[in-house]
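A closer look at the structure
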Amino acid sequence: MNLSDSWATRRPVAARVSAAEAVLADLRAAITSGELAVGERLPSEASLAERHGVSRSVIREALRSCHALGLTETKSGLGTFVVSDSIARDLDFGSYAANELVEARPHVEIPAAGWAAQRHTVEELAALRGLVQQMRDEDDPLVWVALDAQFHGLIAKASRNRVFESVIVDIREALTRQSETLNLVAGRQEKSNEEHERIVEGIASGSYDHASRAMAEHLDAVRMTLETLVQESDPL
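Everything numeric here is computed off the predicted structure, so don't read it as measured data. (Residues numbered from 1 in each chain as written. Predicted model: local features only at pLDDT ≥ 70, side-chain atom pairs only at ≥ 80, totals over all residues. Heavy atoms only, no water.)

As for the packing of helix 6 (residues 122-137) against helix 10 (residues 189-205)
Basically, it comes down to this: Angular values range over 0 to 180 degrees, each being the angle between N-to-C directions of two axes fitted as lines to C-alpha atoms, with helices fitted over their stretch in contact. Put simply, DSSP H or I for four residues or longer makes a helix, DSSP E for two residues or longer makes a strand, and each gets a number counted from the N terminus. Convention used here: angles under 35 degrees read as roughly parallel, angles over 145 as roughly antiparallel, angles from 65 to 115 as roughly perpendicular, and any remaining angle as oblique. Two helices cross in a left-handed way if the nearer one is turned anticlockwise from the farther one by less than a right angle. They cross in a right-handed way if the turn is clockwise. Contact between two residues is taken to exist if any of their heavy atoms lie within 4.5 Å; hydrogens are not considered.
At a minimum axis separation of 10 Å, helix 6 and helix 10 run at an interaxial angle of 165°. One element, helix 6, and the other, helix 10, form an angle in the roughly antiparallel class. Helix 10 is crossed by helix 6, and the crossing has left-handed handedness. Contacts between helix 6 and helix 10 involve Leu125, Leu128, Arg129, Val132, Met135 and Arg136 on the former and, on the latter, Gln189, Glu190, Asn193, Glu194, His196, Glu197, Val200, Ile203 and Ala204.

Here it is in structure tokens:
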């Protein structure tokens with residue numbers, strides 16, 4: 001039995017968080033402490049699921065965020081390996097890195113929200129309000145991030161600018177992974193719900209400035225959360 005197998009057989013300390021948050025926190029603690037060393041292969045999904053008493057889909061959710069943080073890497077046919085004991089300076093969200101999203105989104109989503117305030121239809125505004133309420137009521141984190149992607153996509157559509165809409169469609173998977181990771185690591189979901197409500201209020205007002213400012217505040221909050229994650233991982 002290797003060290004990772006031994007670690008997997010011990011029950012983690014219970015925490016009042018979602019299942020995926022608990023798995024990610026457990027993996028992150030084991031990796032940053034060196035209990036799961038760099039170069040070591042993680043236990044199988046089945047072993048991790050048994051350790052935490054959760055489904056394998058929950059394990060996959062946590063592993064995606066572990067990869068996004070730069071702690072692990074999955075090699076086809078070989079398994080998932082620890083590649084670093086600290087969070088990467090630029091998080092990996094699939095096709096795009098965190099810094100790329102941070103730099104690009106304000107140039108697209110801030111004006112998109114502004115134009116959406118002036119160009120939205122009654123049906124689109126009702127749909128945005130419906131999405132915000134669904135996100136408020138949603139307990140499943142995977143469903144929530146899918147709704148989040150729909151929310152941002154609908155705003156781009158309501159802007160009546162096909163360039164904005166096309167960009168959001170292109171980065172949709174990366175946005176979903178980013179939301180998933182920030183929710184698990186930094187508890188962003190409730191704060192995002194509040195920010196989304198302010199964005200919808202801005203769009204409903206018909207004011208370009210009100211809507212674009214609300215979107216800018218949302219994107220700033222995301223950027224600051226990402227920066228805090230990286231700063232926390234830097235050695236003293």
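There is more to say after this.
With respect to the pairing of strand 2 (residues 79-82)
Quick reminder of the rule: Paired strands are those between which DSSP finds at least two bridges.
Strand direction decides the pairing type here: strand 1 (residues 72-75) and strand 2, joined by four bridges, are antiparallel. By the bridge assignment for strand 2, Glu73 is matched with Phe81.

Let's talk about a negative patch on the surface
The line we're drawing: Like-charged residues are merged into a patch within 9 Å and nonpolar side chains (Val, Leu, Ile, Met, Phe, Trp, Tyr) within 5 Å, provided each residue has over 30% relative accessible area and no salt bridge. Values of accessible area rely on a 1.4 Å probe in the Shrake-Rupley scheme; residue burial ignores everything except the protein chains shown. What makes a salt bridge here is a side-chain nitrogen of Lys or Arg within 4 Å of a carboxyl oxygen of Asp or Glu, nothing more. In this tally, Lys and Arg are treated as positive and Asp and Glu as negative; His is ignored, and so are the chain termini. Note that the charge is assigned to NZ on lysines, CZ on arginines, CG on aspartates and CD on glutamates. Each residue's exposure class comes from its accessible area (1.4 Å probe, protein chains only) as a fraction of the maximum for that residue type: buried when under 20%, exposed when over 50%, partly exposed otherwise.
The grouping of Asp90, Asp92, Glu100 and Glu103 at the surface amounts to a negative patch. Secondary-structure assignment places Glu100 in helix 5 (residues 98-119). Note on Glu100: relative accessible area 43%, which makes it partly exposed.

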